[in-house]
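If you want the building blocks of each chain, they are given just below.
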Amino acid sequence: MNKNPLSQTDIKILAALQQDARITNQTLADELGMSASPCWRKVRKLEEDDVIQGYRAVLDRRKIGLGVMVFIRVSIDSHSEAEARKFEREVIELEDVVACYSIGGDADFLLQVVAGDLDTYADFSMSVIRRLPGIKEMQSMFVLKEIKPFVAFPIKK
């Protein structure tokens, strides 16, 4: 069983902020049935503890010209820590790679990539991804339809 050190109030604060990060402290406090100062202190504590790591706007990728989303499974030649770190450092610098995960199974990394169109993706994958250090194999999986895009983490007590 996963131990969760968060209080019920913390959970309610996090759920509310994931729904609307622009909510005012007063409105948040009212929704939680507490006064503004203790609510503000609890939010600040969650920020200081890096439970809340930042606030962002959620964008519609298509409306900003990113019509293609692809997941790329990558296997690297060597499984040494140095080679993996080198690959990770290079991937972190690529703005078209919006997420990267080290994974178990028959691949080493899973990259989430966005591009304006298929031609742009093809160029990026062949001229940038293929040239990353230690790449042995890569497999592209194109997103045809987003059924449930990431919006928020489930928060449970």
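Just so it is clear, the model here is predicted, and its values are computed rather than measured.

Rules used throughout
- Residues numbered from 1 in each chain as written.
- Predicted model: local features only at pLDDT ≥ 70, side-chain atom pairs only at ≥ 80, totals over all residues.
- Heavy atoms only, no water.
- Domains from an automatic or database assignment.
- UniProt positions renumbered as here; feature names shortened; annotations may be inferred.
- Helix = DSSP H or I, 4+ residues; strand = E, 2+ residues; numbered from the N terminus.
- Buried < 20%, exposed > 50% of the residue type's maximum accessible area, 1.4 Å probe, protein only.
- Pairing = 2+ DSSP bridges.
- Axes fitted to C-alpha atoms, helices over the stretch in contact; angles between N-to-C directions.
- Contact = heavy atoms within 4.5 Å.

(A) View of the domain arrangement of the chain. You can read the domains of the chain as domain 1 (8–49) and domain 2 (61–142). Here the C-alpha centroids of domain 1 and domain 2 sit 36 Å apart.

(B) Representation of the UniProt feature "domain: HTH asnC-type" (unreviewed entry) in the chain in the model. On the UniProt side, "domain: HTH asnC-type" (unreviewed entry) is annotated at positions that read residues 6–67 here. Secondary structure across residues 6–67 comprises 53% helix and 0% strand; the distance between its end C-alpha atoms is 38 Å.

(C) Structural detail: the pairing of strand 1 (residues 68–76). Burial analysis of strand 1 places 7 of its 9 residues in the buried class, the great majority of the element. Here strand 1 runs beside strand 3 (residues 109–115); their pairing, made up of 7 bridges, is antiparallel. From the neighbouring strand, Val-68 faces strand 3, where its bridge partner is Ala-115. Here 7 bridges tie strand 1 to strand 4 (residues 135–142), and the two strands are oriented antiparallel to one another. Bridge pairing links Val-74 to Met-138 in strand 4.

(D) Spatial organisation of the sheet that holds strand 4. Taken in spatial order, the 4 strands make up an open sheet running 2-3-1-4, and their pairing is antiparallel. Strands at the two margins of the open sheet, each flanked by one partner only, are strand 2 (97–102) and strand 4. Shown here is a sheet whose adjacent strand axes are inclined to one another by a mean of 20°, direction ignored. Sheet strands touched by helix 4 (residues 81–92): strand 1, strand 2, strand 3 and strand 4. Its angle to strand 3, the strand with the most contacts, is close to 15°. On the sheet, helix 5 (residues 118–127) packs against strand 1, strand 2, strand 3 and strand 4 and is oriented at approximately 165° with respect to strand 4.

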